[in-house]
Amino acid sequence: QVQLVESGGGLVQPGGSLTLSCAASGFTFSNYYMSWVRQAPGKGPKWVSSINLGGTSTRYTDSVKGRFTISRDNAKNTLYLQMNSLKAEDTALYYCASSRIFQAAEDRDDYDYWGQGTQVTVSS
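For clarity, every value in this text was computed on a predicted model and none was experimentally measured. (Residues numbered from 1 in each chain as written. Predicted model: local features only at pLDDT ≥ 70, side-chain atom pairs only at ≥ 80, totals over all residues. Heavy atoms only, no water.)

1. Comments concerning the overall build of the protein chain
Argument step 1. The secondary structure content of the protein chain amounts to zero helices and 11 strands.
Argument step 2. Going from the N terminus to the C terminus, the protein chain shows its helices and strands as β-β-β-β-β-β-β-β-β-β-β.
Argument step 3. A globule of 124 residues ought to have a C-alpha radius of gyration of about 14 Å, and the protein chain, at 13 Å, matches this closely.
Argument step 4. Across its three principal directions, the C-alpha atoms of the protein chain cover 40 × 25 × 25 Å.
Argument step 5. The buried share of the protein chain, reckoned over its 124 residues, is 42%.
Argument step 6. About 6,100 Å² of surface is accessible on the protein chain, with carbon and sulfur atoms providing 44% of the total.
Argument step 7. For the protein chain, the centre of its 11 positive side-chain charges and the centre of its 10 negative side-chain charges are spaced 5 Å apart. (Helix = DSSP H or I, 4+ residues; strand = E, 2+ residues; numbered from the N terminus. Rg over C-alpha atoms; globule rule 2.2 N^0.38 Å. Buried < 20%, exposed > 50% of the residue type's maximum accessible area, 1.4 Å probe, protein only. Areas by Shrake-Rupley, 256 points an atom, 1.4 Å probe, with all protein chains shown as cover. Lys, Arg positive; Asp, Glu negative; His and termini not counted. Charge placed at Lys NZ, Arg CZ, Asp CG, Glu CD.)

Next comes the structure, spelled out in structure tokens:
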């Protein structure tokens, strides 16, 4: 069956770095645009970043530009999010999601597949 499994979250101090991974299975990964969406405690989901099919075009929400880098390895069916200079406001549950279009959507219904999430906590 289709699975998106995120990993790499954890507790990190402000200014630190983390790399999230999302392992895809059960569908043709290279045929789907991929995104990261995060949800902070008590708030709705917020789009973070998206990448095109070949990994040659990326988009970011303004608050993470210059600090986060999205990438993908189609040979390994894996999506990544390198996060540097982390701030307390980056604390959230991070989801990876797939879609047939290149979009900056926040609702689960806008995506074909959605993972279970990995928690990122930025705190001293």
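And the narrative resumes.
2. Describing the sheet that holds strand 8 (residues 78-83)
Argument step 1. Read across the sheet, four strands follow the order 1-3-8-7 without closing on themselves; strand pairing throughout is antiparallel. Each edge of the sheet is formed by a strand with only one pairing partner; in this case those strands are strand 1 (3-7) and strand 7 (68-73). Taking the axes of each pair of neighbouring strands and ignoring which way they run, one obtains an average angle of 15° across the sheet.
Argument step 2. By the bridge criterion, five bridges tie strand 1 to strand 3 (residues 18-25) in an arrangement that is antiparallel. Paired with Val-5 across the two strands is Ala-23, which belongs to strand 3. (Pairing = 2+ DSSP bridges. Axes fitted to C-alpha atoms, helices over the stretch in contact; angles between N-to-C directions.)

3. What about the environment of Gln-103?
Argument step 1. Structurally, Gln-103 is set in the loop between strand 9 (92-99) and strand 10 (113-114).
Argument step 2. Separated by 56 residues in the primary sequence, Gln-103 and Trp-47 have C-alpha atoms spaced 9.4 Å apart.
Argument step 3. Polar contacts involving the side chain of Gln-103 include one to the main-chain carbonyl oxygen of Asp-110, which spans 2.9 Å. (Polar contact = N/O pair within 3.5 Å; in protein donor to acceptor, adjacent residues only side chain to side chain.)

4. Quick look at a negative patch on the surface
Argument step 1. On the surface, a cluster of negative charge is contributed by Glu-106, Asp-107, Asp-109 and Asp-110.
Argument step 2. With respect to the secondary-structure elements, Asp-110 resides in the loop between strand 9 and strand 10.
Argument step 3. For Asp-110, a relative accessible area of 39% gives the class partly exposed. (Patch = residues over 30% accessible without salt bridge, like charges linked within 9 Å, V, L, I, M, F, W, Y side chains within 5 Å. Salt bridge = Lys/Arg side-chain N within 4 Å of Asp/Glu carboxyl O.)

5. Description of the pattern of salt bridges
One side chain can pair with another of opposite charge once the charged atoms of both are near each other.
Argument step 1. Within this structure, the stated rule accounts for three salt bridges.
Argument step 2. In this structure, a network of salt bridges that share partners links the residues Arg-38, Arg-67 and Asp-90.

6. Brief notes about the environment of Asp-112
Argument step 1. Inspection of the secondary structure puts Asp-112 in the loop between strand 9 and strand 10.
Argument step 2. Between the C-alpha atom of Asp-112 and that of Pro-45, which follows or precedes it by 67 residues, the distance is 16 Å.
Argument step 3. Setting aside residues up to four positions removed in sequence, Asp-112 forms contacts with Tyr-32, Ser-98, Ser-99 and Arg-100.
Argument step 4. Within the structure, the side chain of Asp-112 is placed 3.3 Å from the backbone nitrogen of Arg-100, a separation counted as a polar contact. (Contact = heavy atoms within 4.5 Å.)

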